[in-house]
There are 2 protein chains.
Amino acid sequence: MNLGSLKPFFEPHLLSEIDRFGIVKQVKKGDILIDIGEQIQFIPLIIEGAVKVLREDASGDEILLYFVDFGNTCAMTLNCCMENTPSEIRAVCEADTSLIMIPATYMDSWLAKYKSWRIFIFDNFQGRLNELLKAVDSLTFLKLDERLERYINEKAELQKNKKLNITHLEIATDLNSSRVVISRLLKKMEKDGLLLLGRNTIQILN
Amino acid sequence: MNLGSLKPFFEPHLLSEIDRFGIVKQVKKGDILIDIGEQIQFIPLIIEGAVKVLREDASGDEILLYFVDFGNTCAMTLNCCMENTPSEIRAVCEADTSLIMIPATYMDSWLAKYKSWRIFIFDNFQGRLNELLKAVDSLTFLKLDERLERYINEKAELQKNKKLNITHLEIATDLNSSRVVISRLLKKMEKDGLLLLGRNTIQILN
DNA sequence: CAGGCCATGTAACAATTGTTACAGCTATTG
DNA sequence: CAATAGCTGTAACAATTGTTACATGGCCTG
């Protein structure tokens, strides 16, 4: 396993443990990595690619919570590992993704043994709590057009490309809105010179 | 310090450390325990009472995130301690509250030494993440009348009393709505036989 | 007990978001 | 190349939530 990219995060001894016990996994764009209600036995550590984490209610409506990318893991998952509770969220791959699956059993013992692991875990909790806070902020304080703008910009940043390949329906699903509303708002943004719309594409100007 | 109530949570040696290094603090109803932007040096462990945690945006609008009560601490605070970043939230006492302030310096060393501390910390992260998830769920999937109903019931449960002393304006602030809207919805709930309204009081029926 | 502040009730209206319906266009597939 | 499925544009309308304005009545304070 090539752990070079993880070197800055972990002390050498921990790296060798990750090398010994971690299982590398490749997941394709669109695949569901973790689903709601699943028992989680492994902590996924993202090496390449990105994952989107979302929440669903009883009637099947969705809301995007946040994205997770390189060097991070999903704090929700951490908890589920520690407590052995079923997953509260769904994780879907945004792009082809490689990850190291670390058996949940090491979670606790590494916390006692490695300071770098504690830092890693806490940084991730911090990150996830902040992402959730950001989600609450958006839902509370922003109107849909502002949420949409934020969403589009985040997507572009994540994939480092101002041309998005996405449909209005996908956006509507992520924002828990409806396609017609999203189309309407996008059209307005285009008229305002912020975007160029095409079939399956949104080109961010500026 | 009387740590009896904490006995079920922590191993004896840790309890004696808490006894040695923790500082007991009494806070009055309505007092601000932690404010946005503050540096946090202590982990507050709630012994009695309850605290409400809220978020504010640039223009001063608020939203209630969740309540924290006995045996718990605020995961936001944990993070701020670990990372030494300013607080992202405000914590206001719901009732007169006693807490033990644990200097942030012990945070990490106790994690290495005490399994019960690790469990405590992780349980709290779990709890806070779940509360934030619940907040996101409410904001996303519920209409205001449902959020209001949930809010009122939570309040009653927290104070173990079906008669609330609260004004419509306070509710509106917690839910980031406006007083008129809340009055309108409460009136409807009263007409539906769910409540009895009075000046500064809401009596939950059923 | 008069004045003022605060809490509540209500109406009228505005803004935002959601829904339904349908038309036209594009890409794919057989 | 015809058929089909999926994507986008648009209009008309509905529901929800927010805003403004004003009236009433309780309660505290001087």
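Reading the values: the criteria
Residues numbered from 1 in each chain as written. Chains lettered and ligands numbered in written order. Predicted model: local features only at pLDDT ≥ 70, side-chain atom pairs only at ≥ 80, totals over all residues. Heavy atoms only, no water. Domains from an automatic or database assignment. Contact = heavy atoms within 4.5 Å. Buried area = accessible area lost by both parts, 1.4 Å probe. Salt bridge = Lys/Arg side-chain N within 4 Å of Asp/Glu carboxyl O. Polar contact = N/O pair within 3.5 Å; in protein donor to acceptor, adjacent residues only side chain to side chain. Helix = DSSP H or I, 4+ residues; strand = E, 2+ residues; numbered from the N terminus. Buried < 20%, exposed > 50% of the residue type's maximum accessible area, 1.4 Å probe, protein only. Near = heavy atom within 4 Å. Nonpolar A, V, L, I, M, F, W, Y, C, P; charged D, E, K, R; others polar. Least-squares fit on C-alpha atoms with pLDDT ≥ 70 in both. Pairing = 2+ DSSP bridges. Core = buried A, V, L, I, M, F, W, Y, C linked by side-chain atoms within 4.5 Å.

*Asks:* Describe the domain arrangement of chain A, and please don't skip the residues or the numbers.
*Replies:* Residues and elements named next belong to chain A. Domain boundaries in chain A define domain 1 (4-140) and domain 2 (143-204). Computed from C-alpha coordinates alone, the two centres of domain 1 and domain 2 are separated by 27 Å. With 12 residues of domain 1 at the interface, the matching set in domain 2 holds 10 residues. Across the domain 1/domain 2 interface, buried area totals approximately 1,100 Å², and carbon plus sulfur atoms make up 53% of it. The largest share of the area that domain 1 buries against domain 2 comes from E62, F67 and S138, three residues that together contribute 43% of it. For the pair domain 1 and domain 2, the interface holds three salt bridges. A salt bridge links E94 to K155; its shortest N-O distance comes to 3.1 Å. Seen at the junction of domain 1 and domain 2, the total is five residue pairs in polar contact (both at pLDDT 80 or more).

*Asks:* An account of the pattern of salt bridges is needed here, citing residue identities and associated values.
*Replies:* In the structure shown here, the tally under the stated rule is 28 salt bridges over all chains. Notably, a salt bridge pairs E131 of chain A with K134 of chain A, separated by 3.6 Å at the nearest N-O pair. With E131 of chain A and K134 of chain A both in helix α4 (residues 115-141), this residue pair falls three residues apart, about one helical turn. Judged by relative accessible area, which is 21%, E131 of chain A ranks as partly exposed. K134 of chain A sits in the partly exposed class, given a relative accessible area of 35%. The residue D137 of chain A makes a salt bridge to R55 of chain B at a minimum N-O spacing of 2.7 Å.

*Asks:* Residue-level account of the protein's contact with DNA strand C, with values.
*Replies:* In the vicinity of DNA strand C, 18 residues are found, and the nearest of them are L144, S177 and R184 of chain A together with H168 and R179 of chain B. Atoms of DNA strand C within 4 Å of the protein: sugar and phosphate make up 50%, bases the balance. One of the side-chain nitrogen or oxygen atoms of S177 of chain A is found 2.7 Å away from a phosphate oxygen of DNA strand C. Between a phosphate oxygen of DNA strand C and a main-chain N or O atom of H168 of chain B, the distance comes to 2.8 Å. Of all the secondary structure elements, the ones that give two or more residues to the surface near DNA strand C are α7 (179-191) of chain A together with α7 (179-191) of chain B. When grouped by side-chain class, the residues that make up the surface near DNA strand C number four nonpolar, seven polar and seven charged.

*Asks:* Go over the relation of the copies chain B and chain A, please, and point to the residues and values.
*Replies:* Taken as rigid bodies, chain B and chain A are interconverted by a rotation of 180° and an axial shift of 0.0 Å, the fit giving an RMSD of 0.1 Å. As the rotation angle and translation indicate, the two copies are arranged about a two-fold axis. Closest approach to the rotation axis within chain B is made by the C-alpha atom of A112 of chain B, at a distance of 2.1 Å. Both copies present the same face, since 100% of the interface residues in chain B are matched by interface residues at the equivalent positions in chain A.

*Asks:* Tell me about the interface of chain B and chain A, residues and numbers included.
*Replies:* Listed by partner, the interface residues are 38 residues for chain B and 38 residues for chain A. When chain B packs against chain A, close to 3,400 Å² is buried across both sides, 68% of that on carbon and sulfur atoms. By the criterion of area lost to chain A, the three top residues of chain B are F122, L129 and F141 of chain B, representing 21% of everything that side buries. Run the count over chain B and chain A and you get six salt bridges. Put simply, R118 of chain B and D108 of chain A hold a salt bridge, and the shortest N to O gap is 2.9 Å. Where chain B packs against chain A, one counts eight residue pairs in polar contact (both at pLDDT 80 or more). Looking at the side of chain B that touches chain A, the elements with two or more residues in it are β4 (50-56), β5 (62-69), α2 (75-83), α3 (106-113) and α4 (115-141) of chain B. Per-element tally for the side of chain B that touches chain A: the top contributor is α4 of chain B, with 17 residues. By residue class, the composition of the side of chain B that touches chain A is 20 nonpolar, six polar and 12 charged.

*Asks:* Requested: an account of the pairing of strand β7 (residues 97-103) of chain A, with residues and values cited.
*Replies:* All names here are of chain A. With seven of seven residues buried, β7 lies mostly within the body of the structure. Residues T97, L99, M101 and P103 of β7 are buried on one face, and the alternating residues S98, I100 and I102, pointing to the opposite face, are buried as well. As defined by bridge partners, strand β3 (residues 42-48) adjoins β7 across six bridges and the pair is classed as antiparallel. Across the sheet, the residue bridging to L45 is I100, located in β7.

*Asks:* If you had to explain the pairing of strand β6 (residues 90-93) of chain A to someone new, which residues and values would you point to?
*Replies:* Two faces, one strand: in a regular strand the side chains alternate between the faces of the sheet. Residue and element names in this part refer to chain A. Of the two faces of β6, the one holding R90 and V92 and the one holding A91 and C93 are both buried throughout. Here two bridges tie strand β2 (residues 32-34) to β6, and the two strands are oriented antiparallel to one another. Its bridge partner lying in β6, I32 is registered against V92. In this structure, strand β4 (residues 50-56) lies alongside β6, joined through four bridges in antiparallel fashion. Paired with K52 across the bridge in β6 is V92.

*Asks:* If you had to explain the nonpolar core to someone new, which residues and values would you point to?
*Replies:* Note that soluble globular proteins tend to have their nonpolar side chains buried in a common cluster. Counting residues in each nonpolar core, the largest one holds 93 residues, and the members touching the most others are W117 of chain A together with W117 of chain B. Those residues within four positions of W117 of chain B in sequence are excluded, and the remaining contacts are F10, L14, I43, I102, M107, W110 and L111 of chain B.

*Asks:* Please set out the protein's contact with DNA strand D residue by residue, giving values where relevant.
*Replies:* Lining the immediate environment of DNA strand D, one finds 18 residues, of which H168, R179 and R199 of chain A together with L144 and S177 of chain B sit closest. When atoms of DNA strand D within 4 Å of the protein are sorted by moiety, sugar and phosphate together comprise 43%. Residue R199 of chain A places a side-chain N or O atom 2.7 Å away from a base nitrogen belonging to DNA strand D. One of the backbone N or O atoms of N200 of chain A is found 3.1 Å from a phosphate oxygen in DNA strand D. Secondary structure elements with two or more residues in the surface near DNA strand D: α7 of chain A together with α7 of chain B.

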